[in-house]
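Here is what each chain is made of, one letter per residue.
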There are 2 protein chains.
Amino acid sequence: MSYVTYSAEHLDKFCMEVFSKFGFNDEEARIITDVLMLSDLYGIESHGMQRLVRYHKGIEKGMIKLDAKPEIVFETPVSAVIDAHDAMGQVVAHRGMELAIEKAKKSGIAIVSIKNSNHFGIAGYYAKMACDAGLVGFACTNSEAIMVPTFGKKAMIGSNPIAMAAPAKPYPFFFDASTTVVTRGKLEIYNKAEKPLPDSWALNKDGHPSNDASDVLKNIVAKNGGGIMPLGGSVEQTGSHKGYGWGMVCEFFSSILSMGTTSNKCCVNNVSGICHGLAAINPAFFGDADAIAEHFSTFLAELRESPKADGQSQIYTHGEKEIAAVADRKKNGIKVNVNTVREMVEMAKFVGVDAKAYFGDLADSDNNSKMFAGNY
Amino acid sequence: MSYVTYSAEHLDKFCMEVFSKFGFNDEEARIITDVLMLSDLYGIESHGMQRLVRYHKGIEKGMIKLDAKPEIVFETPVSAVIDAHDAMGQVVAHRGMELAIEKAKKSGIAIVSIKNSNHFGIAGYYAKMACDAGLVGFACTNSEAIMVPTFGKKAMIGSNPIAMAAPAKPYPFFFDASTTVVTRGKLEIYNKAEKPLPDSWALNKDGHPSNDASDVLKNIVAKNGGGIMPLGGSVEQTGSHKGYGWGMVCEFFSSILSMGTTSNKCCVNNVSGICHGLAAINPAFFGDADAIAEHFSTFLAELRESPKADGQSQIYTHGEKEIAAVADRKKNGIKVNVNTVREMVEMAKFVGVDAKAYFGDLADSDNNSKMFAGNY
């Protein structure tokens, strides 16, 4: 598997141009690009440029509607339900978190549940929005079913990530994790790299453990059965029912509170139906917000400074690796898998962006990528 | 390991009498007994009668203060911080959740964070209180450090359970899970039974995997190092950082928001400092509460009815096993480990309850139990 390195500015410019050509206005293109770039800058390769093909195909097939007008269908000072009407996930989730932040600043706590949306990138982006505003942020999203419930063999729940971000020094607490052992994006990376999957990640169509990324992904797309295990594996002894439970918590805030489409029914027949849950909590409604952040910072420092296991030199707190990744990628650039570059080339050609200007000779090569054959 | 079976009524009466003799008033004894009984009725052996010794020792050593007067130190229509002043955990958490329910009924959402409390039993009890009131409930608690953060060798975070309960038919969604692979209570059961621990559960004092429950528990008590792995194990490949992250989410709502004692500092020198986080969400602030519960019920039914893995006959949704357990235990009684009975006998003798009337010949035997030698 080979990688090509590009500067963050280069990829940012590419995304802005491509999404503008698709028809998004400047503000919308900026939001979408920011979400994608934050993922690659944070080292979450699965949700950065690697995800572009999903948006390309989603727009092409009409799952993502550029002219959608998201609508607040229920609202109180602490809550809102938004019907996205098939809008681009990033755009409506950004708006939803802005609403949650505004409400939490006034009312202390706010939850916004969004239905009929699309894939919104990394959940952590929206949690971070609240954190950047001095609040505690939460974000989660359901998605096409990929998690097999404990004792099942059919994927019924999405990878259903839940993210939390909270103010702390020297950097915020930033926790963003799928409730499956790994994400579909990770399987796609293994597939593109033609590497066998680690044990305890995935199940084949009969509900048996599998190391074959290609087979698992094909079965997921064809809805043949199998999928990814919940965090905790596939047996109760290792806590499978706990990861499955966290997947349900995500489902509740996204698809249940909004009366939206649950993971087992979304992303079929070119309709997404994906739902998001967003929340903001104002720490000033619990006391001195600065003192609370300082108290949290102290505990985070104690964790980092606690004794290391033999052979380990560092204990990370959540968000620390991301800070290091941003510094590295701003200095050394972002590595993009050649297969992903080929998807970007195809996307550029589709909307009429000069692929050669961005990718040189790679723009000329035959498209022999393992283009994701999903139903979007 | 041998067990003795008692009726729920018998154990309920014992707990009521013992806690009354300790000096709790009727309402308080009722709450404490209810929390303990719900645990045993739900089949959560680790947190029922098995936990009595902890309360016995906690009261004896002054960690739990019977005359404590919990105090609301910060309050808004959506939030409260309570200083428990070393009160019995069940009593103050019950009061905290009543406050959260009252606020959520009026304001839509409420979070209550409690500091300087004690072990409060199963988190799910408090989440269920909100659910019984037609709301969605959350409860979490920090506890004496037992979770070793990823790449560490010293326990820094408690088992930090988080529970959620939400209205659904034919029974509510009830999810109550430690953010460690298993709880300390499970290790205590293996220790009493002198069984080796399964792999991927615990670490010895050097941060290496261990199957020795006795050694791990001794190290935890002596704060020598080691402890239990986060949900997801001890390496990132299986998601260790995710369970560790969930432990931090629990810590945030319990010890951070309340400016209380973090897990790494609680339960030392006969001071508990344990903190709880409680939340209630009113679904009517998101639309038609009945329709939302019905929507959730549909998804839960679809999960139960989805295809089973080869060799499995049932997919459970969270709360289903508990409903079955209650029916079984009300009919067939509750099995109590003989070692636990011996602890109950000692407790009865300590407060002047007629142990022989409750436990017959077991009240006469020498106390050769593996009485938990914790620092409470």
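Residues numbered from 1 in each chain as written. Chains lettered and ligands numbered in written order. Predicted model: local features only at pLDDT ≥ 70, side-chain atom pairs only at ≥ 80, totals over all residues.

## Structural notes on the overall build of chain A
Reasoning step 1: Across its full length, chain A holds 12 helices and 12 strands.
Reasoning step 2: Against the compact-globule benchmark of 21 Å for 376 residues, chain A has a radius of gyration of 20 Å, which places it among compact chains.
Reasoning step 3: Expressed along its principal axes, the backbone C-alpha trace of chain A runs to roughly 60 × 50 × 45 Å.
Reasoning step 4: Contacts in chain A between residues at least 24 apart in sequence constitute 64% of all its contacts with a sequence separation of at least 6. (Helix = DSSP H or I, 4+ residues; strand = E, 2+ residues; numbered from the N terminus. Rg over C-alpha atoms; globule rule 2.2 N^0.38 Å. Contact = placed C-beta atoms within 7 Å.)

## A few points about the sheet that holds strand β9 (residues 209-210) of chain B
Two pairing modes exist for strands in a sheet, parallel and antiparallel, and in both the strands are linked by backbone hydrogen bonds.
All names here are of chain B.
Reasoning step 1: Taking strand neighbours across the sheet as the criterion, the three strands line up as β9-β8-β10 in an open arrangement whose pairing is antiparallel. In this open sheet, the two strands that pair with only one neighbour each are β9 and β10 (227-228).
Reasoning step 2: Alignment of strand β8 (residues 202-203) against β10, held across two bridges, turns out to be antiparallel. Residue pairing across strands places L203 opposite G227, the latter belonging to β10. (Pairing = 2+ DSSP bridges.)

## Topic: the interface of chain A and chain B
Reasoning step 1: Tallying the contact residues gives 64 residues for chain A and 64 residues for chain B.
Reasoning step 2: Counting residues per element, the ones that place at least two in the side of chain A that touches chain B are β2 (71-76), β3 (79-83), β4 (109-117), β6 (162-166), β7 (173-177), α8 (240-256) and α9 (289-305) of chain A.
Reasoning step 3: Its residues assigned to classes, the side of chain A that touches chain B shows 33 nonpolar, 23 polar and eight charged. (Nonpolar A, V, L, I, M, F, W, Y, C, P; charged D, E, K, R; others polar.)

## Section: the nonpolar core
Reasoning step 1: Of all hydrophobic cores here, the largest spans 260 residues; its most connected members are A100 and A130 of chain A together with A100 and A130 of chain B.
Reasoning step 2: Aside from chain neighbours lying at most four places away, what touches A130 of chain B is M97, A100, I101, L135, V136, G137, A165 and A280 of chain B. (Core = buried A, V, L, I, M, F, W, Y, C linked by C-beta atoms within 7 Å. Buried ≥ 20, exposed ≤ 12 C-beta atoms within 10 Å, placed from the backbone.)

## Notes on the domain arrangement of chain A
Residue and element names in this part refer to chain A.
Reasoning step 1: When cut into domains, chain A gives domain 1 (4-12 + 14-60 + 333-363), domain 2 (67-181 + 232-325) and domain 3 (194-228).
Reasoning step 2: Domain 2 and domain 3 are separated by 26 Å when their C-alpha centres are compared.
Reasoning step 3: The residue inventory of the side of domain 2 that touches domain 3, partitioned by class, reads five nonpolar, five polar and two charged. (Domains from an automatic or database assignment.)

## Notes on the relation of the copies chain A and chain B
Reasoning step 1: Once chain A has been moved 0.0 Å along the axis and rotated by 180°, it coincides with chain B to within an RMSD of 0.0 Å. Look at the turn and shift together and you get a two-fold axis relating the two. The position closest to the rotation axis in chain A is occupied by the C-alpha of G232 of chain A, lying 2.6 Å away.
Reasoning step 2: Interface overlap between copies is the fraction of interface residues in one copy that are interface residues in the other; for chain A against chain B it reaches 100%, indicating a shared surface. (Least-squares fit on C-alpha atoms with pLDDT ≥ 70 in both.)

## Here's the deal with the pairing of strand β4 (residues 109-117) of chain B
Residues and elements named next belong to chain B.
Reasoning step 1: Across the nine residues that make up β4, a large majority, nine, are buried.
Reasoning step 2: The pairing of strand β3 (residues 79-83) with β4 spans five bridges and is parallel. Residue I82 lies in a different strand from β4, and its bridge partner there is I114.
Reasoning step 3: Assessed by its sense of winding, the connection that carries the chain from β3 through helix α4 (residues 89-107) to β4 is right-handed.
Reasoning step 4: As defined by bridge partners, β4 adjoins strand β11 (residues 274-281) across seven bridges and the pair is classed as antiparallel. The residue of β11 that forms the bridge with I109 is I281. (Right-handed = clockwise from strand over helix to strand, strands pointing away.)

## Re unusual backbone geometry
Reasoning step 1: Residue K169 of chain A is joined to P170 of chain A through a cis peptide bond whose omega torsion reads 5°.
Reasoning step 2: With respect to the helices and strands, P170 of chain A occurs in the loop between β6 and β7.
Reasoning step 3: Within the chain, D86 of chain B stands out as a residue other than glycine whose phi angle is a positive 70°.
Reasoning step 4: Within the secondary structure, D86 of chain B sits in the loop between β3 and α4.
Reasoning step 5: Backbone geometry places N160 of chain B, a non-glycine residue, at a positive phi of 40°.
Reasoning step 6: Among the structural elements, N160 of chain B can be located in the loop between β5 (136-141) and β6 (162-166).

## Overview of helix α7 (residues 213-222) of chain B
One full turn of an α-helix is made of 3.6 residues, so residues set three or four places apart face in the same direction.
Residues and elements named next belong to chain B.
Reasoning step 1: Among all positions in α7, only A213, V216, L217, N219 and I220 are buried. One side of α7 carries all its buried residues, which in axial view fall inside an arc of 160°.
Reasoning step 2: Tucked into the core, α7 has its buried residues touching α6 (184-192), β8, β9 and β10.
Reasoning step 3: Within two residues after α7, K223 carries a phi angle of roughly 55°, on the positive side. (Arc of directions from axis to C-beta.)

## Some points on the sheet that holds strand β10 (residues 227-228) of chain A
Residue and element names in this part refer to chain A.
Reasoning step 1: One open sheet holds the three strands; their spatial order is β9-β8-β10, and the pairing between them is antiparallel. The strands lining the two open edges of the sheet, one partner per strand, are β9 (209-210) and β10.
Reasoning step 2: When strand β8 (residues 202-203) meets β9, the two strands line up antiparallel, connected through two bridges. For L203, the partnering residue across the bridge sits in β9 and is P209.

## Considerations on helix α10 (residues 320-332) of chain A
Reasoning step 1: With 13 residues, α10 of chain A extends 18 Å from end C-alpha to end C-alpha; this agrees with the ideal 18 Å at 1.5 Å per step.
Reasoning step 2: Following α10 of chain A by one or two positions, G333 of chain A adopts a phi angle in the positive range, close to 90°. (Expected span 1.5 Å × (residues − 1).)

## Side note on the packing of α6 of chain B against α7 of chain B
Residue and element names in this part refer to chain B.
Reasoning step 1: Where α6 contacts α7, the axes come no closer than 9 Å and their chain directions differ by 130°. Taken together, the axis directions place α6 and α7 in an arrangement best described as oblique. Regarding α6 and α7, the two cross each other, and that crossing is left-handed. Residues L187, E188, Y190 and N191 of α6 lie in contact with α7, whose contacting residues are A213, S214, V216 and L217.
Reasoning step 2: Residues of the contact of α6 with α7, tallied by class, amount to five nonpolar, two polar and one charged. (Axes fitted to C-alpha atoms, helices over the stretch in contact; angles between N-to-C directions. Parallel < 35°, antiparallel > 145°, perpendicular 65-115°, else oblique. Left-handed = near helix turned anticlockwise from the far one by under 90°.)

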